[in-house]
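Here is how the chains run, residue by residue.
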Amino acid sequence: MKKAIFPGSFDPITKGHFDIIKRGISLFDEVIVAIGINAEKKYMFSLEDRKRFIEDAFKDEPKVKVITYEGLTIDLCQKENAQFILRGLRNPADFEFEKAIAHTNRKLSKIETVFLLTAAKTSYISSSIVRDVIRNGGDYTVLVPDSVRIIEN
């Protein structure tokens, strides 16, 4: 069984993430979306909300599992018996950053990293852009799956 871990903070999941996961489903028997927990980071959405957004987006897809984790992604791969790390690339800067991480992971383990280029229609979207749109009252709904909805008080 070919399993891939798709790690990230998903604060929140974007249409770009959604596209990478959907395409990963066709390549792997299981895609484990792994929400990393970093105590140093300030998140806009709670861990529970981020997990729910992803679970709701893929509620009808049995090949997608959503978990949370702390520590090294390669340790999580070992724990989950995953042979691959799945990553999306939007631009050359992403490639340079992700390449260094992939080389390190390969040096520390036998885990292969599989890169998928983001679709042209979503390549400009990042979680930080979505958060900025939300903070400034813009229409974030065009940037995220339908499962990402903010309840306003």
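For the structure, see preceding data.
Residues numbered from 1 in each chain as written. Predicted model: local features only at pLDDT ≥ 70, side-chain atom pairs only at ≥ 80, totals over all residues. Heavy atoms only, no water.

With that out of the way, let us pick up unusual backbone geometry. Between aspartate 11 and proline 12 the backbone carries a cis peptide bond, its omega angle lying at 0 degrees. By the secondary structure assignment, proline 12 is in the loop between β1 (3–8) and α1 (15–27). In this model, phenylalanine 10 sits at a positive phi of 50 degrees, which is unusual for a non-glycine residue. Mapped onto the secondary structure, phenylalanine 10 falls in the loop between β1 and α1. The phi angle at asparagine 81 is positive, at roughly 60 degrees, despite the residue not being glycine. For asparagine 81, the location among the structural elements is in the loop between α3 (73–80) and β4 (84–89). (Helix = DSSP H or I, 4+ residues; strand = E, 2+ residues; numbered from the N terminus.)

The subject of this paragraph is the layout of surface pockets. Quantified by volume, the largest pocket comes out at close to 1100 Å³. Surrounding the largest pocket, 42 residues form its lining, Pro7, Gly8, Ser9, Arg87 and Glu98 being those nearest its centre. Those elements that place two or more of their residues in the lining of the largest pocket are β1, α1, β4, α4 (92–108) and α5 (127–135). Tallying contributions element by element places α4 first for the lining of the largest pocket, with 9 residues. For the lining of the largest pocket, the residue count by class is 15 nonpolar, 18 polar and 9 charged. (1 Å grid on protein atoms, 1.4 Å probe; cavity = no way out; pocket = protein on both sides within 12 Å on 5 of 7 lines; lining within 4 Å. Points joined across faces, edges and corners; volume = space filled by probe spheres on them. Nonpolar A, V, L, I, M, F, W, Y, C, P; charged D, E, K, R; others polar.)

Taken in spatial order, the 5 strands make up an open sheet running β3-β2-β1-β4-β5, and their pairing is parallel. Two strands close off the open sheet at either side, each with one partner strand: β3 (64–69) and β5 (112–117). This sheet shows a mean twist of 30 degrees between the axes of neighbouring strands, independent of strand direction. Here 6 bridges tie strand β2 (residues 30–36) to β3, and the two strands are oriented parallel to one another. Note on β3: the bridge partner recorded for alanine 34 is isoleucine 67. Docked against the sheet, α1 engages β1, β2, β3, β4 and β5, running at close to 120 degrees with respect to β5. Taken strand by strand, α3 contacts β1, β2, β3 and β4, and its axis lies near 145 degrees from that of β1. (Pairing = 2+ DSSP bridges. Axes fitted to C-alpha atoms, helices over the stretch in contact; angles between N-to-C directions. Contact = heavy atoms within 4.5 Å.)

Take the pairing of β2 next. For β2, the buried fraction is high: 7 of the 7 residues fall into the buried class. Residues of β2 alternate between two faces, with Glu30, Ile32, Ala34 and Gly36 on one and Val31, Val33 and Ile35 on the opposite face, all of them buried. The pairing of β1 with β2 spans 6 bridges and is classified as parallel. Bridging from a neighbouring strand, glycine 8 pairs with isoleucine 35 of β2. Tracing the backbone out of β1, into α1 and back to the parallel element β2 gives a crossover that is right-handed. Between the parallel elements β2 and β3, the chain passes through helix α2 (residues 47–57) in a crossover that is right-handed. (Buried < 20%, exposed > 50% of the residue type's maximum accessible area, 1.4 Å probe, protein only. Right-handed = clockwise from strand over helix to strand, strands pointing away.)

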